[in-house]
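# Summary of structural features
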Amino acid sequence: MLKDQLVQAACRADNLIEYPSDFPIKIMGAAHDNFAATVVEVIVAHDPEFHAGKITVRASSKGNYLGLTAIVRATSREQLDNIYIALSSHPMVKVVL
């Protein structure tokens, strides 16, 4: 039942996005020197025009975590799904929104 609801919600959300468009993705992970560079590498595999200048970085109040906002050029729902899957399955990434 929950899976059906999620699929329906995804279909409704997909109808709200016009492609191509700039789409923000929030990525959180432990603070690490290579975290932002790693996220760039993962996204570039799905959006070849993506670069580090399209990321903003914020550290948590204690500096243990980093929050990134990446603005990708979304060309399709499939591309966005692939970016989310690649990011969320990476061991350095804790959360993708």
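Residues numbered from 1 in each chain as written. Predicted model: local features only at pLDDT ≥ 70, side-chain atom pairs only at ≥ 80, totals over all residues. Heavy atoms only, no water.

### Topic: the pattern of salt bridges
- As enumerated under the stated definition, the model contains two salt bridges in all.
- Residue arginine 73 pairs with aspartate 22 through a salt bridge whose shortest N-O separation is 3.2 Å. Separated by 51 residues along the polypeptide, arginine 73 in strand β3 (residues 65-74) and aspartate 22 in strand β1 (residues 21-30) bring together distant segments of the chain.
- Residue arginine 73 is classed as partly exposed on the basis of its relative accessible area of 32%.
- For aspartate 81, the salt bridge identified is with arginine 77, shortest N-O distance 3.1 Å. (Salt bridge = Lys/Arg side-chain N within 4 Å of Asp/Glu carboxyl O. Helix = DSSP H or I, 4+ residues; strand = E, 2+ residues; numbered from the N terminus. Buried < 20%, exposed > 50% of the residue type's maximum accessible area, 1.4 Å probe, protein only.)

### Comments concerning the nonpolar core
- Within the largest apolar cluster, 21 residues are counted, with the highest numbers of intra-cluster contacts made by Ile25, Ile27, Val39, Ile43, Val72 and Leu87.
- Counting residues per element, the ones that place at least two in this core are β1, α2 (35-44), β3, α3 (77-88) and β4 (93-96).
- Apart from the residues within four sequence positions on either side, isoleucine 27 is in contact with Phe35, Val39, Leu66, Gly67, Leu68, Ala70, Leu87, Val93 and Val95. (Core = buried A, V, L, I, M, F, W, Y, C linked by side-chain atoms within 4.5 Å. Contact = heavy atoms within 4.5 Å.)

### A word on unusual backbone geometry
- Cis geometry marks the peptide bond from tyrosine 19 to proline 20; its omega dihedral reads -5°.
- Secondary-structure assignment places proline 20 in the loop between α1 (2-16) and β1.

### Focus on the confidence of the model for the protein chain
- Considering every residue of the protein chain, the mean pLDDT works out to 90; 85% of them sit at 70 or more.
- The lowest-confidence element of the protein chain is α1, averaging 58 in pLDDT; the highest-confidence one is α2, averaging 98. (pLDDT = per-residue confidence, 0-100.)

### Observations concerning α2
- Turning to α2, its buried residues number three or more, namely Phe35, Thr38, Val39, Val40, Val42 and Ile43.
- In this fold, the buried residues of α2 make contact with β1, β2 (55-59), β3, α3 and β4.

### A word on the environment of glutamate 41
- With respect to the helices and strands, glutamate 41 occurs in helix α2.
- Separated by ten residues in sequence, glutamate 41 and histidine 51 have C-alpha atoms that sit 8.7 Å apart.

### With respect to the sheet that holds β4
- Reading across from one edge, β2-β3-β1-β4 is the order of the four strands in this open sheet, with antiparallel pairing throughout. Looking along the sheet, the strands with just one partner apiece sit at the ends: β2 and β4. Pairs of neighbouring strands in the sheet enclose a mean axial angle of 25°, with direction left out of account.
- One ladder, built from ten bridges, connects β1 with β3; its direction is antiparallel. From the neighbouring strand, isoleucine 27 faces β3, where its bridge partner is leucine 68.
- Contacts from α2 reach β1, β2, β3 and β4, with the element oriented near 25° to β3.
- Sitting on the sheet, α3 is in contact with β1, β3 and β4, with an inclination near 10° to β1. (Pairing = 2+ DSSP bridges. Axes fitted to C-alpha atoms, helices over the stretch in contact; angles between N-to-C directions.)

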